[in-house]
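Residue-level structure breakdown
If you want the building blocks of each chain, they are given just below.
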Amino acid sequence: MFKAFRILILLGILVTVAGTTLIGRWQAQSWKRPQVVTLYPINASGDAVTDLYLERLDAAAFAGLAPYFQQEAARYGVSLSEPMRIVLGGRVRVVPPAPPRDAGPLSAISWSLRMRWWAWRSTPPSSPVPDVKLFLMYHPPDFAGALPHSIGLEKGRLGLVHLFAMKSQQAQNEVVIAHEALHTFGASDKYDRATLAPVFPEGYAAPRQEPRYPQTAAELMAGRVPVREGELRVPAGLSETLVGPATAAEIGWVK
Ligand SMILES: [Zn+2]
């Protein structure tokens, strides 16, 4: 009797979790109302240069994002005048839990849970209520080496985005933000993890172009422009990227 009761409770929890995940995905991909993506700047290394940059940072640094998503969604027949509303939230002063170094599934799950708990506790209130929370981890211009890997999670609908705290980098920062934002809507990466090369054809902006190279734009979830076989470049800004049909299907722009 007691055992049956326990199983019933566990089943109830399972159904609730599965249900909220499904409802969340359905809400994220129905595109019936603007999805509020709120950006929270963080001084990742705590240095003075980044601090000064963040003090002066305003919504103008992210002004290209909403029109970009509107234009790209419209190409797939999404008629919302504002599919994504980009909101600059308050600065977060506590750094998030560091992602795991090893790639094991258990540590990934544990980090994702700690991250969601941290986000719930550390996010300052903002209006409108965010659907997606992106934490912008700013690093100083003289940061040694490559920036840590940015992460966008569909479960929990949040992301950690690593950026350079410099004005000349803002256009490229918007590309990274847009890429991680689409992960939270269910888009997958379209590049090879080892070589960073876009996967053909879905990672190409113009897969049917003849000759294939040079491409002049990047598919957003591939992130790089293939210039010729074995040579890639980083797009200068959102105007050199587009959302390809495979990504559009994953995020519900194509029904
Ligand atoms: Zn990615």
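For every chain, the first residue of its written sequence is number 1, and the numbers climb from 1 along that sequence. Residue-level local features of this predicted model are given only where pLDDT is at least 70; pairs of side-chain atoms are given and counted only at 80 or more, and the full residue set underlies all totals for whole chains, interfaces and linings. Side-chain descriptors were evaluated using all non-hydrogen atoms of the structure, hydrogens and water having been removed beforehand.

**Considering the coordination of the zinc ion**
- For Na, K and Ca the donor cut-off is 3.2 Å; for every other metal, N, O and S atoms count as donors within 2.8 Å. Water does not enter the count, which can leave sites looking incomplete. Listed as protein donors to the zinc ion are His179 (NE2), His183 (NE2) and Asp189 (OD); their distances from the metal cover 2.1 Å.
- Linear spacing of the donor residues for the zinc ion on their chain is H-x3-H-x5-D. On the criterion of sequence distance, the pair formed by histidine 179 in helix H5 (residues 170-183) and aspartate 189 in the loop between H5 and strand S6 (218-219) is long-range, its members being ten residues apart.
- The exposure class of histidine 179 is buried, given its relative accessible area of 10%.
- By relative accessible area, which is 24% here, aspartate 189 ends up partly exposed. Helix numbering and strand numbering both begin at the N terminus, where a helix is a DSSP run of H or I of at least 4 residues and a strand a DSSP run of E of at least 2. Under the scheme applied here, a residue whose accessible area is under 20% of the maximum for its type counts as buried, over 50% as exposed, and between as partly exposed, the area being computed with a 1.4 Å probe on protein chains only.

**Here we look at the side chain of threonine 247**
- Locating threonine 247 in the fold gives a position in helix H6 (residues 245-250).
- When its relative accessible area of 0% is taken as the criterion, threonine 247 is described as buried.
- Any pair of nitrogen or oxygen atoms within 3.5 Å is treated as a polar contact; in protein, a donor-acceptor pairing is required on top of that, and neighbouring residues in sequence qualify only through side-chain atoms on both sides. Here the side chain of threonine 247 touches glutamate 219 through a polar contact of 2.8 Å, side chain to side chain.
- The contact rule is simple, with two residues in contact once any of their heavy atoms fall within 4.5 Å. Dropping the residues within four chain positions of it, threonine 247 is found in contact with Leu182, Ala187, Lys190, Glu219 and Met221.

**Description of the pairing of strand S3 (residues 132-139)**
- Taking burial as the measure, the eight residues of S3 include seven buried ones, the bulk of the element.
- Here, strands pair whenever DSSP counts at least two bridges between them. As paired elements, strand S1 (residues 35-43) and S3 share seven bridges and run parallel to each other. Its bridge partner being in S3, valine 37 is matched across the sheet by valine 132.

**Let's talk about the pattern of salt bridges**
- For this document, the term salt bridge refers to a Lys or Arg side-chain nitrogen within 4 Å of an Asp or Glu carboxyl oxygen. On inspection of all chains with the given rule, the structure shows eight salt bridges.
- Taking the shortest distance from any N to any O, the salt bridge between arginine 33 and aspartate 131 comes out at 3.0 Å. Within this pair, whereas arginine 33 is found in the loop between helix H1 (2-30) and S1, its partner aspartate 131 is found in the loop between helix H4 (105-122) and S3, the two being separated by 98 residues in sequence.
- For glutamate 250, the salt bridge goes to lysine 190, with nearest N and O atoms at 2.7 Å. On the criterion of sequence distance, the pair formed by glutamate 250 in helix H6 and lysine 190 in the loop between H5 and S6 is long-range, its members being 60 residues apart.
- The class of lysine 190 is buried, set by a relative accessible area of 4%.

**Section: the domain arrangement of the protein chain**
- For the domains described, the bounds stem from an automatic or database domain assignment. Its domain assignment divides the protein chain into domain 1 (29-186) and domain 2 (189-255).
- Each of domain 1 and domain 2 has a C-alpha centre, and these two points are 21 Å apart.
- Counting residues at the interface gives 23 residues for domain 1, matched by 23 residues for domain 2.
- Of the roughly 1,900 Å² buried between domain 1 and domain 2, counting both surfaces, carbon and sulfur atoms make up 64%.
- The interface formed by domain 1 and domain 2 contains zero salt bridges.
- When contributions to the side of domain 1 that touches domain 2 are tallied by element, the ones reaching two or more residues are H1, helix H3 (65-75) and H5.
- The greatest single-element share of the side of domain 1 that touches domain 2, amounting to eight residues, is contributed by H5.
- Classification used: nonpolar for Ala, Val, Leu, Ile, Met, Phe, Trp, Tyr, Cys and Pro, charged for Asp, Glu, Lys and Arg, polar for all others including Gly. The class makeup of the residues in the side of domain 1 that touches domain 2 is twelve nonpolar, eight polar and three charged. In short, buried area is how much 1.4 Å probe accessible area vanishes from two parts on joining, totalled over both.

**Notes on the sheet that holds strand S4 (residues 151-153)**
- In space, the five strands of this open sheet follow the order S2-S1-S3-S5-S4, with mixed pairing throughout. Both outer strands of the open sheet, strand S2 (84-88) and S4, are each paired with one neighbouring strand and no more. Ignoring strand direction, the axes of neighbouring strands in this sheet form an average angle of 25°.
- Note: S4 against strand S5 (residues 158-164), three bridges, orientation antiparallel. Paired with leucine 153 across the strands is leucine 158, a residue of S5.
- Between N-to-C directions, angles span 0 to 180 degrees; the directions come from axes that are lines fitted to C-alpha atoms, helices contributing only their stretch in contact. In the packing of helix H2 (residues 48-56) onto the sheet, contacts are made with S1 and S3, and the angle to S1 comes to roughly 145°.
- Across the sheet, H4 lies against S1, S3, S4 and S5, angled at about 85° from S5, the strand it touches most.

**Looking at H4**
- Between the first and last residue of a helix there are one fewer steps than residues, each counted as 1.5 Å, and that sum is the expected span. Compared with the 26 Å implied by 1.5 Å per residue over 18 residues, the 25 Å span of H4 between its first and last C-alpha is a close match.
- Looking only at H4, the buried set comprises Trp111, Ser112, Met115, Trp118, Ala119 and Ser122. Down the axis of H4, the buried side of the element spans an arc of 130°, and every buried residue falls inside it. In H4, those exposed residues whose orientation departs by more than 90 degrees from the buried face are Pro105, Leu106, Leu113, Trp120 and Arg121.
- On the buried face of H4, the contacting elements are S1, S3, S4 and S5. The arc under discussion is defined with respect to the helix axis, by the directions toward the C-beta atoms.

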